[in-house]
Amino acid sequence: MSRNSPWPDERLVKAAQDGNISSLTAVIVESQPHVRRFALSLCATPQDAEDAAQEALIILYRKIGTLRASGALASWMFRIVRNECLRHLRLLASASASASASVAEEAGSEPAPSAETSVLRRLDAERIALAVSGLPRDQRQVLIMRDVQGYPGRLVAQSLGLSNAAMKSRLHRARAALRQALATDEAAEGEALP
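Residues numbered from 1 in each chain as written. Predicted model: local features only at pLDDT ≥ 70, side-chain atom pairs only at ≥ 80, totals over all residues. Heavy atoms only, no water.

Attention now goes to the side chain of Ser133. Relative to the helices and strands, Ser133 is located in helix H5 (residues 115–133). Among the polar contacts listed, one links the side chain of Ser133 to the backbone oxygen of Leu130, at a separation of 2.7 Å. Each residue touching Ser133, except ones within four places of it in the same chain, is listed here: Leu42, Leu86, Leu89 and Arg140. (Helix = DSSP H or I, 4+ residues; strand = E, 2+ residues; numbered from the N terminus. Polar contact = N/O pair within 3.5 Å; in protein donor to acceptor, adjacent residues only side chain to side chain. Contact = heavy atoms within 4.5 Å.)

This part is about the environment of Leu135. As for its placement among the helices and strands, Leu135 is situated in the loop between H5 and helix H6 (137–148). Look at Leu135 and you get buried, because its relative accessible area is 6%. Those residues in contact with Leu135 that sit more than four places away from it in its chain are Arg140, Leu143, Ala174, Ala177 and Leu178. (Buried < 20%, exposed > 50% of the residue type's maximum accessible area, 1.4 Å probe, protein only.)

Time to look at the pattern of salt bridges. Under the definition given, this model contains six salt bridges. The partner of Arg175 in a salt bridge is Asp147, and the shortest N-O contact between them spans 2.6 Å. One end of the pair, Arg175, is in helix H8 (residues 164–192); the other, Asp147, is in helix H6, and 28 residues separate them in sequence. (Salt bridge = Lys/Arg side-chain N within 4 Å of Asp/Glu carboxyl O.)

Below you can see the structure in the form of structure tokens.
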């Protein structure tokens, strides 16, 4: 199927919604390249993209009957893929926060956080995950591999087929764009308060 292949037409989607198995199979097969492209553009790593695309196609299979307008398949699938990519980022952020908390507890340096502190940390992690997902794919990959997963710079550069200088440049741009996105987000929240 070519890159410019169309999404399944509305009649096919409607037949799938009505329970026609061959139509549902055709909708999934015709949607798959588009869903994968969405996932690769939104997720941090190719593995996360593959996982998100598979999950989105499973959701399509299970819940096509809940799609309100048969012509809205592309936007519905985009939202599902975006949410899956964000979920993967949240899991990474959560795992990173848990690891940090374990190290702090072992050191005995601080008491367990209050419920309010835990909620605020989770909200911050979600806000950061959303900002990271908005970065261009090349910047997002470098940022997550280096800053979230903690891989050494040389390994990140090698994994992505970049020179060390190119990797550092992308990482610098990604960090600057992330700071800008978070600052803009905080300013917007400040204006929304009474």
